[in-house]
Amino acid sequence: MALMLLPAALLLLLLLLGGAAAASTREDLVHLSTQDLLKAYDAALVTLYVGGKVAGTSPRGRDATLVPDCYPDLGNAAALWPQEPTGLLQHVLDSGEFYVGIDESLQGMSNTTTLVFDMIAKHYNKTVKVEPLTFANDTALWQALDSGAIDCTDIQYELGGFGLNERRRVKWRPTCSVDCKQYHRLASFRGRDEIDSVDKLHAVIKSRTFHGLRSEIGSVGAANTQVLLQLFAARIYQYEGEYASLEAMRNRSTMLAAMISEEAVDDSLAVYELNLWSPLVAFCRNFVDDTLKVSPQNESSLTEWQTGNEALAQAYDAALMSLQLSGDYFSIFSAYNITSAKQMGDCNAKQSGYAVPTPTGTLAKVLRDHALIVGDIPYPSPLLNTSSVPPTGVLHAINLAVVNWITRQFDLSEPIELEYKLFSTDLEVYHALDNGIIDATANHNYPGLFTFYGKPDLMKNRYRAACTAGAADALVVVRVTSHITSLAQFYRYSPHFLYCVKPLVTCFAVTKFQDKRSLASRNV
């Protein structure tokens, strides 16, 4: 499919030359629901996964890290396709044009978007031309998305970032991810033998001193600074470039390490992985969900729940981010001898982005009753299990730290009790969440699972996921007698296989919102 790269300014000029009717057409698109377009987008991506084309779609190649926030399941993916397209999807199919926004710094559109709309067009027996529009900066891109000048962004944007001072994953609706950007490396000088791993760096920073002086880390750029703030409880210094950061590390005895790229590595440095992944997604405008997730017979007894769980979800996110910024998050994992806790950057650190909400809805009920009710199923791993009496496991410890943080923030006279209700199956947990029997799920759910309510739907479509509490590896097992002894050897036999990390999240129910203006900062 031939692609034509149009500058954003040229698009606006064409709209003006086309008269008021043309401009009105693009503005009117803001009012069209994006729900069907997003379902078709996700269905196409999952189908690409199943067809073994993930490596071909990935902007970062075969060795990228796949984060399956939408699991490959062809049968369920087929059910995602809207049978009778409406809203923005209908407009795209009828007009034969899809406008995708790209930040100029990304140097062109990813191949993924072309493949996705090739598949969408083929599925509906239509012709769709993808029109990439470049924007000079991040602000112009998100403003274009809100105004209707573009339909979606390209699939190269980090899920945990911010746009227009808003959290991307809350203000806009993300698609499934294709792969993940990994913040690969920190560097330290080999002469400092005390620090030979990220785990040792955490331990030194936790003690707050290095040879009697306060710990510091060098960073490059605001986004990387946010990442380092999220990973390390240290003083972070931001520099113009990585060589300036490295030079500062040479001259400052208190600076333990500096963030670098692969190109900056030389023999004088000890280099180790940061162990943070940030999913790459496309963003579209949020859609309006017209379904009320509560049974009519229960409505009268669920007044607080009906007003929404968004405040509770925001409080949970703010608590997790505070734990990460303080370093307590890593202390919890270390207490369970998990010294390399994987982190998902689906919520990047930015303190101003995680304000404590005004108590409404379910959060008001939790504060009033001094109890948070969490739904779970018995889990075989002792690290994740919450079914024992008393509950144990690292994820229970995180939940406990969250409710204790909320208790302190609202200066409650008595602590919030963490109560678990156990069910036999995941589906029973989701029904209990929908009916207000529980306030939230446990935090070892995967946002890419399919839920079954007569017709499969993605959990990420139906529920509001909190920031990630942790991440688990997906394992590949080979025969003992096999000559395959490494992932690199496995790649040669399965070239489309990607190393896979599963994000673990808490899910909250969402209710029907009558006022569309309230959707601006909500994930529905």
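Since the model is a prediction, treat every value here as computed from it, not as a measurement.

Some words on the overall build of the protein
Thought 1: Per the secondary structure count, the protein includes 20 helices and 29 strands.
Thought 2: Of all 524 residues assigned to the protein, the portion counted as buried reaches 55%.

Focus on the pairing of strand β3 (residues 97–103)
Thought 1: Burial runs high along β3: six of the seven residues are buried.
Thought 2: Where β3 and strand β4 (residues 129–135) come together, seven bridges link them in parallel fashion. Counted as the bridge partner of Glu 97 is Lys 129 from β4.
Thought 3: Regarding the hand of the β-α-β motif, the stretch spanning β3, helix α7 (residues 111–123) and β4 is right-handed.
Thought 4: As judged from the two bridges shared by β3 and strand β5 (residues 152–153), these two strands associate in the parallel manner.

What to know about the nonpolar core
Considering soluble globular proteins, one finds that nonpolar side chains tend to be buried as a cluster.
Thought 1: One finds Leu 186, Leu 201, Ile 217, Phe 232 and Ile 398 to be the most contacted residues of the largest nonpolar core, which totals 64 residues.
Thought 2: Other than its neighbours up to four places away in sequence, Leu 201 contacts Leu 186, Ile 195, Ile 217, Phe 232, Leu 256, Ala 257 and Tyr 272.

Some words on the state of the cysteines
Thought 1: Applying the stated criterion across every chain, the model contains two disulfides.
Thought 2: Through a disulfide, Cys 152 is tied to Cys 284; the S-S separation comes to 1.8 Å. The sign of the 95 degrees torsion about the S-S bond sets the Cys 152-Cys 284 disulfide as right-handed. Here Cys 152 is found in strand β5, whereas its partner Cys 284 is found in strand β19 (residues 283–284), with 132 residues between them in sequence.
Thought 3: We classify Cys 284 as buried; its relative accessible area is 0%.
Thought 4: Between the sulfur atoms of Cys 347 and its disulfide mate Cys 467 the distance is 2.1 Å. Judged by the sign of its S-S torsion, about -100 degrees, the bond between Cys 347 and Cys 467 is left-handed. On the criterion of sequence distance, the pair formed by Cys 347 in the loop between β20 (343–344) and α16 (361–369) and Cys 467 in the loop between β26 (463–465) and β27 (470–473) is long-range, its members being 120 residues apart. By the burial criterion, Cys 347 is buried, and Cys 467 matches it.

Regarding the confidence of the model for the protein
Thought 1: Confidence in the prediction of the protein, expressed as mean pLDDT, is 75, and 71% of residues score 70 or more.
Thought 2: Of all the helices and strands in the protein, helix α1 (residues 8–17) carries the lowest mean pLDDT, 46, while β5 carries the highest, 96.
Thought 3: Taken together, the stretch residues 55–64 has pLDDT below 50 and engages in 32 contacts with residues farther than four places along the chain or on a different chain.
Thought 4: For residues 512–524, every residue scores under 50 in pLDDT, and the model assigns this stretch 28 contacts once sequence neighbours within four places are set aside.

Quick word on the environment of Ala 349
Thought 1: Note on placement: Ala 349 falls in the loop between β20 and α16.
Thought 2: On the basis of relative accessibility, which here comes to 3%, the residue Ala 349 falls in the buried class.
Thought 3: Sequence-wise, Ala 349 and Gly 161 are 188 residues apart; in three dimensions their C-alpha atoms are separated by 8.8 Å.
Thought 4: With residues up to four places along the chain from it excluded, the contact list for Ala 349 reads Gln 226, Leu 229, Gln 230, Met 321 and Leu 325.

So, the sheet that holds strand β11 (residues 185–189)
Thought 1: Pairing is mixed across the open sheet formed by five strands, whose spatial order is β15-β14-β16-β11-β17. Every interior strand has two partners, whereas the edge strands, β15 (235–239) and β17 (269–273), have only one. Each strand of the sheet is rotated relative to its neighbour by a mean of 30 degrees, with strand direction disregarded.
Thought 2: Bridge count for β11 against β17 is five bridges, and the pairing is antiparallel. When the sheet's bridge partners are listed, Ser 188 is paired in β17 with Ala 270.
Thought 3: Sitting on the sheet, helix α10 (residues 198–206) is in contact with β11, β14 (216–220), β16 (255–260) and β17, with an inclination near 135 degrees to β16.

Things to note about the side chain of Arg 169
Thought 1: Along the polypeptide, Arg 169 turns up in helix α9 (residues 168–171).
Thought 2: For the buried residue Arg 169, which engages in no salt bridge, the nearest side chain bearing the opposite charge is Asp 317, 4.2 Å off.
Thought 3: Among the polar contacts listed, one links the side chain of Arg 169 to the backbone oxygen of Asp 346, at a separation of 3.3 Å.

Topic: the packing of aromatic side chains
Thought 1: One pass over the structure, following the stated rule, counts eight aromatic pairs.
Thought 2: Plain terms: the ring middles of Tyr 41 and Phe 117 are 5.7 Å apart, the flat faces sit at 90 degrees to each other, and that makes the pair edge-to-face. Separated by 76 residues along the polypeptide, Tyr 41 in helix α3 (residues 35–50) and Phe 117 in helix α7 bring together distant segments of the chain. Here the two residues Tyr 41 and Phe 117 agree in accessibility, since each one is buried.
Thought 3: One aromatic cluster in this structure is built from Trp 142, Tyr 157, Trp 172 and Phe 283.
Thought 4: The aromatic ring of Tyr 237 is capped on one face by Arg 252, whose charged end is 4.8 Å from the ring centroid.

Looking at unusual backbone geometry
Thought 1: Positive phi, close to 65 degrees, is recorded for Asn 165, a residue that is not glycine.
Thought 2: With respect to the secondary-structure elements, Asn 165 resides in the loop between β7 (162–163) and β8 (166–167).
Thought 3: Note on Asn 165: relative accessible area 68%, which makes it exposed.
Thought 4: We note that Asp 411 has phi near 50 degrees; this positive angle belongs to a residue other than glycine.
Thought 5: Mapped onto the elements, Asp 411 comes out in the loop between α17 (394–409) and β22 (417–422).

Reading the values: the criteria
- Residues numbered from 1 in each chain as written.
- Predicted model: local features only at pLDDT ≥ 70, side-chain atom pairs only at ≥ 80, totals over all residues.
- Heavy atoms only, no water.
- Helix = DSSP H or I, 4+ residues; strand = E, 2+ residues; numbered from the N terminus.
- Buried < 20%, exposed > 50% of the residue type's maximum accessible area, 1.4 Å probe, protein only.
- Pairing = 2+ DSSP bridges.
- Right-handed = clockwise from strand over helix to strand, strands pointing away.
- Core = buried A, V, L, I, M, F, W, Y, C linked by side-chain atoms within 4.5 Å.
- Contact = heavy atoms within 4.5 Å.
- Disulfide = S-S within 2.5 Å.
- pLDDT = per-residue confidence, 0-100.
- Axes fitted to C-alpha atoms, helices over the stretch in contact; angles between N-to-C directions.
- Lys, Arg positive; Asp, Glu negative; His and termini not counted.
- Salt bridge = Lys/Arg side-chain N within 4 Å of Asp/Glu carboxyl O.
- Polar contact = N/O pair within 3.5 Å; in protein donor to acceptor, adjacent residues only side chain to side chain.
- Phe/Tyr/Trp six-rings, centres within 6.5 Å; stacked < 30°, edge-to-face > 60°.
- Lys NZ or Arg CZ within 6 Å of the ring centre and 35° of its normal.

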